[in-house]
Amino acid sequence: MGIDGKARVKRYSALQILKQGLTGHTGWQPAWRDASPKPAYDVIIIGGGGHGLATAYYLASIHGITNVAVLEKGWIGGGNSGRNTTIVRSNYSIEGNTAFYEHSLKLWEGLSQELNYNVMFSQRGHLNLFFTPAQRDGLARRYNTMRLNGIDGEFLTRAQVEKMVPHLNYSDDARFPIMGGFFQARAGTARHDAVNWGYARAASALGVDIIQNCEVTGFIHQAGQIVGVETSRGEIRAEKTGMAVAGSTSLLAKMAGLGKLPIESHKLQAFVSEPIKPFLDTVVVYSAYHGHFYISQSDKGGMVFGGDLDGHNSYAQRGNLPIYNNVAGCAMNVMPALGRVKVLRQWAGIMDMSMDGSPFITKTDIDGLYLNAGWCYGGFKAIPGSGWCFAHTIAHDRPHEINSLLTLDRFKYGRQIDESGHGPFPKSH
Ligand SMILES: Cc1cc2nc3c(=O)[nH]c(=O)nc-3n(C[C@H](O)[C@H](O)[C@H](O)COP(=O)(O)OP(=O)(O)OC[C@H]3O[C@@H](n4cnc5c(N)ncnc54)[C@H](O)[C@@H]3O)c2cc1C
């Protein structure tokens, strides 16, 4: 069911836009209710990023659990969900990830209609460049696995890449001479704010309380169970509490008594340039020795791009010059045409890097506490799938088949889901 079921908001439509346009835009309702906390709920979700908001929406829309609060210490979407480079794809090759990310991509494909909110999902394709035979073989293995799992993906020769993206550096003496690429046509980008706002509006319409400026400062334990939280706005009780706080996961896990999780907080930066004329109509990505780079062009014309993590633990949500230097160098390797474009802004988010690079959507060993974390720098694309699976896990007290491998105890049993094969080094995933 979309938001129409119990909708307490007016639907957005072309007719509404026309009507509002003719009446000075004075009749729009707030997109969601700015709720104050009640003493108790059925479910509390900590974290008003995309994952928390999507979880609340699917709890209400699929499982009929509407007495839900989303507690956000700042403003919704103020964390990583509003700070990322918005790449959405499902080119994963390891059991545990493959079905999950494809499920998420399928949800993206119908999301604007389901939420009655334009999340600006644009399936402009995702092109992964390769420069060496070894890279080609690695990517071929990944894309063959995808095809075997019914996920789209194609191999492109250098000539085909050149036809698709003429502005790359095709010179034979380039630092990274382009040999070809692997392409996922259904991949693309979306508007990050719109995803947060769309889920918030749809969840609020179904009765969920979205509570901003409400920081969780402690957990209420009773008979070995978590029965609520202490917040900057008082105590709030619930039988079930779900955490979806990304880079703050370790801090809250410690407060809850979960101990040390296989997660580290690292920072990732992104950049946007001044708007330029249409230049790039797909996402371009590469990984090479001492370089990792991804770029797309926003609908406003800005080039949105990023590279590697800072490489050390941090809670700082700001940029710095060494990474600027590194990412600009990576850009010049493949897109020298951008050399004179000015960068307008640079920022950072705090990644919840897991030891194997894969996420957790799971019950915990503490009754009443559920965990959604470990998204590393790939959790934007996961928002719909993660919310869907986390809601199922909370509602039924067991995982859905799709997230059944995304547990904390996979480390206990040596069943890591190490997509990149880098081993237990979070900063390498
Ligand atoms: C620069 C950058 C580029 C990225 N690029 C991509 C990309 O191209 N594609 C992709 O798929 N992913 C990308 N990601 C990753 C993606 O953005 C994240 O994995 C995803 O947004 C995580 O969503 P979330 O809801 O878990 O976390 P967040 O959006 O960070 O939400 C967590 C929320 O919890 C709140 N919170 C924390 N502590 C408390 C507390 N004590 N009480 C109450 N609230 C609390 C925070 O304020 C925050 O709003 C990128 C990230 C960054 C930073």
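Note that this is a predicted model, so its numbers are computed, not measured.

Reading guide: rules and limits
Residues numbered from 1 in each chain as written. Predicted model: local features only at pLDDT ≥ 70, side-chain atom pairs only at ≥ 80, totals over all residues. Heavy atoms only, no water. Salt bridge = Lys/Arg side-chain N within 4 Å of Asp/Glu carboxyl O. Helix = DSSP H or I, 4+ residues; strand = E, 2+ residues; numbered from the N terminus. Buried < 20%, exposed > 50% of the residue type's maximum accessible area, 1.4 Å probe, protein only. pLDDT = per-residue confidence, 0-100. Contact = heavy atoms within 4.5 Å. Phe/Tyr/Trp six-rings, centres within 6.5 Å; stacked < 30°, edge-to-face > 60°. Near = heavy atom within 4 Å. Polar contact = N/O pair within 3.5 Å; in protein donor to acceptor, adjacent residues only side chain to side chain. Areas by Shrake-Rupley, 256 points an atom, 1.4 Å probe, with all protein chains shown as cover. Nonpolar A, V, L, I, M, F, W, Y, C, P; charged D, E, K, R; others polar. Domains from an automatic or database assignment. Core = buried A, V, L, I, M, F, W, Y, C linked by side-chain atoms within 4.5 Å.

**Regarding the pattern of salt bridges**
Inspection of the entire model under this criterion finds 14 salt bridges. The partner of Arg-124 in a salt bridge is Asp-299, and the shortest N-O contact between them spans 3.0 Å. Taken together, the residues Arg-124 in the loop between α4 (111-115) and β4 (126-130) and Asp-299 in the loop between β14 (291-297) and β15 (302-313) connect sequence positions 175 residues apart. Taking the relative accessible area as the measure of exposure, Arg-124 reaches 17% and is therefore buried. Of the residues examined, Asp-299 reaches a relative accessible area of 55% and is grouped as exposed. A salt bridge links Arg-191 to Asp-193, with the nearest nitrogen and oxygen atoms 2.8 Å apart.

**Notes on the confidence of the model for the protein**
Counting all residues, the mean pLDDT for the protein is 95, and 98% of those residues have values of 70 or more. Within the model, the stretch residues 1-6 combines pLDDT values under 50 with 19 contacts to residues more than four positions away or in other chains.

**Details of the packing of aromatic side chains**
For the structure shown, the criterion picks out 22 aromatic pairs. Centroid distance Phe-271 to Phe-305: 5.4 Å. Interplanar angle 10 degrees. Geometry classified as stacked. Here the residue Phe-271 occupies a position in strand β12 (residues 263-275), and Phe-305 occupies one in strand β15, the gap between them amounting to 34 residues. Comparing Phe-271 with Phe-305 shows no difference in burial state: the two are buried.

**A short note on the site of the ligand**
Surrounding the ligand, one finds 37 residues, the nearest of these being Glu-72, Asn-80, Ser-81, Thr-85 and Lys-381. Here a nitrogen atom of the ligand sits 3.1 Å away from a polar atom, N or O, in the main chain of Lys-73. One nitrogen or oxygen atom from the side chain of Ser-81 is found 2.6 Å from an oxygen atom belonging to the ligand. Relative to its free-state accessible area of 1,000 Å², the ligand is covered by the protein chains to the extent of 96%. Counting residues per element, the shell around the ligand draws most heavily on β12, which supplies three residues. Classifying every residue of the shell around the ligand gives 16 nonpolar, 16 polar and five charged. Counting only domains with at least three residues in the shell around the ligand, you end up with domain 1 (41-103 + 191-264 + 356-428) and domain 2 (126-190 + 265-354).

**A short note on the nonpolar core**
Counting 50 residues, the largest nonpolar core has Tyr-58, Phe-100, Trp-108 and Tyr-199 as the members making the most contacts within it. Put simply, the parts of the chain that give this core at least two residues each are β1 (40-46), α2 (50-61), β2 (68-71), α3 (98-109), α4, α7 (192-205) and α10 (383-396). When residues no more than four places from it in sequence are discounted, the contact partners of Tyr-199 are Leu-53, Ala-54, Tyr-57, Tyr-58, Leu-111, Leu-115, Ile-383 and Pro-384.

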